[in-house]
Amino acid sequence: MTTIVAVAGSLRERSHTRVALRHALDAAAERGAETDFLDLRAFDLPPLNPDVADQGDSAAFTRQVRHADAILLGTPVYHGSYSGVLKNALDYCGRDEFDGATVGLLAVSGGAFPVSALDHLRVVCRTLDAWVVPHQAGIPRASSAFDGDDFADEQLAGRVETLGRRVVEFAHIESRSE
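Below or above, wherever it landed, is the structure these notes cover. (Residues numbered from 1 in each chain as written. Predicted model: local features only at pLDDT ≥ 70, side-chain atom pairs only at ≥ 80, totals over all residues. Heavy atoms only, no water.)

## Quick notes on the packing of helix α1 (residues 16–30) against helix α7 (residues 154–169)
No. 1: It is the contact of α1 with α7, at a shortest axis distance of 7 Å, that shows an interaxial angle of 50°. When the axis of α1 is compared with that of α7, the two are oblique. As for the relative orientation of α1 and α7, their crossing is right-handed in sense. Together, A20, H23, A24, A27 and A28 of α1 and V160, E161, G164, R165 and V168 of α7 make up the contact between the two elements.
No. 2: The residue makeup of the contact of α1 with α7, split by class, is six nonpolar, two polar and two charged. (Axes fitted to C-alpha atoms, helices over the stretch in contact; angles between N-to-C directions. Helix = DSSP H or I, 4+ residues; strand = E, 2+ residues; numbered from the N terminus. Parallel < 35°, antiparallel > 145°, perpendicular 65-115°, else oblique. Left-handed = near helix turned anticlockwise from the far one by under 90°. Contact = heavy atoms within 4.5 Å. Nonpolar A, V, L, I, M, F, W, Y, C, P; charged D, E, K, R; others polar.)

Structural data, given as C-alpha cells:
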C-alpha cells in the first residue's frame, strides 16, 4: 500500500495550512493510500544543533518521513518564504529521508499567490534529491478561501484535491534509497 505523510509547517491553532493538507490527504486516501498527518506542534524539535544527535523527537519525525512513499509539505507564507518551523523540521532531514521520494507542495498566503514559498520549497526538495510533483497548490488570500474547515472556492478545493491524487499517482516514480 502507498503511504503518504503530510507535514504541516504551521503552529497556529486555527491553521489554514493544516485544513488544506487534510483535504489533500483525504484525496490521497480516496485513491487508496494510507495517510498520516505530521503536525509539527506534536513534535519536540528544538532548533537543530548538528553537534547533538537525536535531539528531542527528531528520530521519530525523520523515521516517519523516511518510510513514506510520498510527502506533502504544507506551509504558511512568512516574509515571502516558507515557515521557520518547517525549515527547522526539514533541517533534521536529509537525503536519507528524501532521496527518490515524491513530494507535493502546498502554500497558504494571506495575500497574493504564494509562488516564492513554493519555489523555495521546490529548490530544497530538489537539493535533497526528491522528485517534486509538477502540480502544486497555492492558496492566496486565505482568510476568504475557507469557510470553516471547507473551501469557499471550489476551484481551490480542486487544486488541493488534485495535489493529493498526484502524490499517490507518482509515489513510485523513482525508487527510494533506504
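## Topic: the nonpolar core
No. 1: Counting 30 residues, the largest nonpolar core has I4, L72, L106, I139, F146, F151 and V160 as the members making the most contacts within it.
No. 2: Every element with two or more residues in this core is listed here: β1 (3–8), α1, β3 (70–78), β5 (102–108), β7 (137–139), α6 (142–145) and α7.
No. 3: If near-sequence neighbours (up to four positions away) are discounted, F151 is found in contact with A20, H23, I139, A145, F146, L156, A157 and V160.
No. 4: Membership of the second largest hydrophobic core comes to 29 residues, among which are A68, Y92, A101 and L105. (Core = buried A, V, L, I, M, F, W, Y, C linked by side-chain atoms within 4.5 Å. Buried < 20%, exposed > 50% of the residue type's maximum accessible area, 1.4 Å probe, protein only.)

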